[in-house]
Amino acid sequence: MTTNTADGRPVQDTYDVDTDPDRIDVGLVHHWLSTDAFWALGRSRDLVERSIRGSLNFGVYDGEGRQVAYARVVTDRATFAWLCDVYVDPAHRGRGLGVRLATAVRDHLAPYALKRTLLATVDAHDLYAKAGFVPVPDPQMLMILSPTT
């Protein structure tokens with residue numbers, strides 16, 4: 001299968017999305033999140049490891065088996081899911097991997113018939129819309145419990 005880069009160049013599509021937790025490169029995910037993801041800068045290795053253990057994890061791998069993207073879902077697999085920590089390696093951006101990852105999450109969760117799957121994004125609304133996400137229709141219903149300082 002051939003896809004196009006953001007500038008229209010064809011690229012051979014050899015990417016694989018997998019939920020096998022043993023394939024996740026924890027060190028690489030920690031590096032991505034703690035050094036390049038604005039929402040997780042400085043996140044400790046221990047915190048990344050604990051979050052991975054407690055989540056449903058999605059890895060994207062190139063044709064040689066190297067991890068090139070990551071996402072995790074916090075879910076009870078019955079009523080609710082939270083998609084978070086979505087990250088695509090800069091060298092692999094512009095190839096539709098973010099949309100593919102969000103779509104894989106959506107499709108993986110579909111059999112659970114969850115009442116609600118949420119995510120938060122500052123700048124990728126269009127990307128997630130391609131996978132079917134829409135703005136929260138009733139944001140006044142949502143509340144947050146923030147840690148005290």
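Whatever comes next refers back to the structure up there.
Residues numbered from 1 in each chain as written. Predicted model: local features only at pLDDT ≥ 70, side-chain atom pairs only at ≥ 80, totals over all residues. Heavy atoms only, no water.

J.: How do you make sense of the nonpolar core when you look at a structure like this?
T.: As a rule of thumb, soluble globular proteins bury nonpolar side chains together. Ranked by size, the top nonpolar core spans 23 residues in total, and within it Phe58, Val60, Val73, Leu83, Leu101, Leu109 and Tyr128 carry the most contacts. Of all elements in the fold, only β4 (56-61), β5 (67-75), β6 (80-88) and α3 (97-109) reach the threshold of two or more residues within this core. Residue contributions to this core peak at five residues, all from α3. In this structure, Val60 is in contact with Tyr15, Asp16, Val17, Arg66, Gln67, Val68, Ala69, Leu97 and Leu101, ignoring residues within four places of it in sequence. With 11 residues, the next largest nonpolar core counts Trp32, Ala37, Tyr70 and Tyr87 among its residues. (Core = buried A, V, L, I, M, F, W, Y, C linked by side-chain atoms within 4.5 Å. Buried < 20%, exposed > 50% of the residue type's maximum accessible area, 1.4 Å probe, protein only. Helix = DSSP H or I, 4+ residues; strand = E, 2+ residues; numbered from the N terminus. Contact = heavy atoms within 4.5 Å.)

J.: Got a minute to help me understand the pairing of β4 in this structure?
T.: Within a regular strand, the side chains alternate between the two sheet faces. Counting buried residues along β4, six of its six residues qualify, which places the element largely inside the surrounding structure. On β4, burial covers both faces: Leu56, Phe58 and Val60 on one face and Asn57, Gly59 and Tyr61 on the other are all buried. Inspection of the sheet shows strand β3 (residues 16-18) paired to β4 by three bridges, in the antiparallel sense. Residue pairing for β4: Asp16 is matched across the bridge by Tyr61. In terms of strand pairing, β4 meets β5 through six bridges, oriented antiparallel. (Pairing = 2+ DSSP bridges.)

J.: Got a minute to help me understand the sheet that holds β4 in this structure?
T.: Note on sheets: strands pair through backbone hydrogen bonds, and any given pair is parallel or antiparallel. Pairing in this open sheet of five strands is mixed, and the strands run β3-β4-β5-β6-β7 from one edge to the other. Of all the strands in the sheet, just β3 and β7 (116-119) have a single pairing partner and so form its edges. Pairs of neighbouring strands in the sheet enclose a mean axial angle of 20°, with direction left out of account. Examined bridge by bridge, β5 and β6 share six bridges and lie antiparallel to one another. Note that in β6 the partner of Arg72 across the bridge is Cys84. Sheet strands touched by helix α1 (residues 26-36): β5 and β6. Its angle to β5, the strand with the most contacts, is close to 85°. Here α3 sits on the sheet and contacts β3, β4, β5, β6 and β7; the angle it forms with β4, its principal contact strand, is near 140°. (Axes fitted to C-alpha atoms, helices over the stretch in contact; angles between N-to-C directions.)

J.: How should I be thinking about the packing of α1 against helix α2 (residues 45-53) in this particular structure?
T.: Relative placement of two packed helices is described by the angle separating their axes and the distance separating the axes. Remark: α1 packs on α2, axes separated minimally by 10 Å, with the N-to-C direction vectors making an angle of 115°. The hand of the α1/α2 crossing is right-handed. Contact with α1, carried on its side by Val26, Gly27, Val29, His30 and Leu33, involves Arg45, Val48, Glu49 and Ile52 of α2 and no other residues of that element. Taken together, the residues of the contact of α1 with α2 sort by class into five nonpolar, two polar and two charged. (Left-handed = near helix turned anticlockwise from the far one by under 90°. Nonpolar A, V, L, I, M, F, W, Y, C, P; charged D, E, K, R; others polar.)

J.: Help me understand the pattern of salt bridges in this model?
T.: It is possible for side chains bearing opposite charge to pair when their charged atoms get close. In total, this model carries 10 salt bridges according to the counting rule given. In this structure, the salt-bridge partner of Arg45 is Glu49, at a minimum N-O distance of 2.7 Å. A residue pair is termed a helical-turn pair when its members lie 3 or 4 positions apart in one helix, as Arg45 and Glu49 do in helix α2 at four residues. One salt bridge in this structure joins Asp85 and Arg72, with 2.7 Å as the shortest N-O distance. Separated by 13 residues along the polypeptide, Asp85 in strand β6 and Arg72 in strand β5 bring together distant segments of the chain. Residue Asp85 shares its accessibility class with Arg72, and that shared class is buried. Each of the salt bridges in this network shares a partner with another, and the network as a whole consists of Asp16, Asp18 and Arg23. (Salt bridge = Lys/Arg side-chain N within 4 Å of Asp/Glu carboxyl O.)

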